[in-house]
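Geometric and topological summary
One letter stands for each residue in the lines below.
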Amino acid sequence: MRIAFTGGNGKAGRHIVPWLRERGHRVLNLDLNAPQEPDNLSVDLTDSGQVFNALSSLSGFDELDRPEVPKFDAVVHFAALARILIQPDNETFRVNTLSTYNILEAAVKLGIPKVIFASSETTYGICFAQGEVKPDYLPVDEEHPVVPHDSYAMSKVCNEACGRSFQARSGIDVYGLRINNVIAPEEYASDFPAYMADPSLRRRNIFAYIDVRDLGQMVEKCLETDGLGYEVFNVANDDLSVELTNAEVRSRFYDGVPLRREMGEAETFYSNRKAKEMLGFQPAHSWREVLG
């Protein structure tokens, strides 16, 4: 496929763009800080004109030999201010909402048939809440209310509303990925021992995580699956990010939170069942491979 990928220089993008290219996809990285190298384009996604231009652009010099510029098959939109406390709250909201609106609008008007965009675990209102907020029920699935308190999560909820609206008016496929805490392979050895010693460090992430390699698989599953219209999917690995059992975590951190179904001993509280059933997503990695 010919894919425009925004945010290829970010934490997830640095892994996923090469992963997609290794699988035969042609990927043009659109990033504000893109290097001056082939298959990269420096773009300010908050500028509508730049976005329209980039999404109708050549992917490389070799395409000059074609009779016309080919159309992108899909846009994967991961570029964003990645959390609160990078820039002021209003700027976080502005950048994240405006860039996503511009991507969706340009994709629809240019006839690009699929947009996959990064939403977030934060939409559930737990990660960046002031004080402690517990889930309404466990496991947290895509039907759980999204009532965030912070500017980053608010921007992601607004982006989901825009995605639903652009899909309704165009009929293209728009898939939102509510991505949990992204973990690169080297972070298991560097970060996870602290989580074993103090499980409370994972409370704001609902004790979940997503290996960046499995996030790449999720993106490819979305690219391969057509015709779903508008959908949102939780994206997480199968197991908890702490050494405690599911029951032990519930006892220590989720007393009084209703359990909607029986859960496995190490099963994630951030349900990935919908992605498995609708897309065939099957995470292949775990911190246990490194830490035992």
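Model, not experiment: these values are computed from the prediction.

Thresholds applied
Residues numbered from 1 in each chain as written. Predicted model: local features only at pLDDT ≥ 70, side-chain atom pairs only at ≥ 80, totals over all residues. Heavy atoms only, no water. Helix = DSSP H or I, 4+ residues; strand = E, 2+ residues; numbered from the N terminus. Rg over C-alpha atoms; globule rule 2.2 N^0.38 Å. Buried < 20%, exposed > 50% of the residue type's maximum accessible area, 1.4 Å probe, protein only. Contact = heavy atoms within 4.5 Å. Areas by Shrake-Rupley, 256 points an atom, 1.4 Å probe, with all protein chains shown as cover. UniProt positions renumbered as here; feature names shortened; annotations may be inferred. Axes fitted to C-alpha atoms, helices over the stretch in contact; angles between N-to-C directions. Parallel < 35°, antiparallel > 145°, perpendicular 65-115°, else oblique. Left-handed = near helix turned anticlockwise from the far one by under 90°. Nonpolar A, V, L, I, M, F, W, Y, C, P; charged D, E, K, R; others polar.

In this section: the overall build of the protein chain. Check the secondary structure of the protein chain and you find nine helices and nine strands. Against the compact-globule benchmark of 19 Å for 292 residues, the protein chain has a radius of gyration of 19 Å, which places it among compact chains. When the backbone C-alpha atoms are referred to their principal axes, the protein chain occupies close to 65 × 35 × 35 Å. Within the span of the protein chain, comprising 292 residues, buried residues form 54% of the whole. Relative to all contacts within the protein chain whose residues are 6 or more apart in sequence, the contacts with residues 24 or more apart total 76%. Accessible surface for the protein chain amounts to roughly 12,600 Å². Of this, 50% is attributable to carbon and sulfur atoms.

Here we come to the UniProt feature "domain: NAD-dependent epimerase/dehydratase" (unreviewed entry) in the protein chain. Feature annotation in UniProt places "domain: NAD-dependent epimerase/dehydratase" (unreviewed entry) on residues 6-197, given in this structure's numbering. Within residues 6-197, the helical portion is 36% and the strand portion 16%, while the C-alpha atoms at the span's ends are 36 Å from each other.

Right, let's talk about the packing of helix α1 (residues 13-22) against helix α6 (residues 212-224) for a bit. Running from amino to carboxyl end, α1 crosses α6 at an angle of 50°, the nearest separation of the two axes being 9 Å. One way to sum up the angle between α1 and α6 is to call them oblique. Crossing geometry of α1 relative to α6 is assigned as right-handed. Between α1 and α6, the residues in contact are H15, I16, W19 and L20 and V212, R213, L215, G216, Q217, V219, E220 and L223, respectively. By residue class, the composition of the contact of α1 with α6 is seven nonpolar, three polar and two charged.

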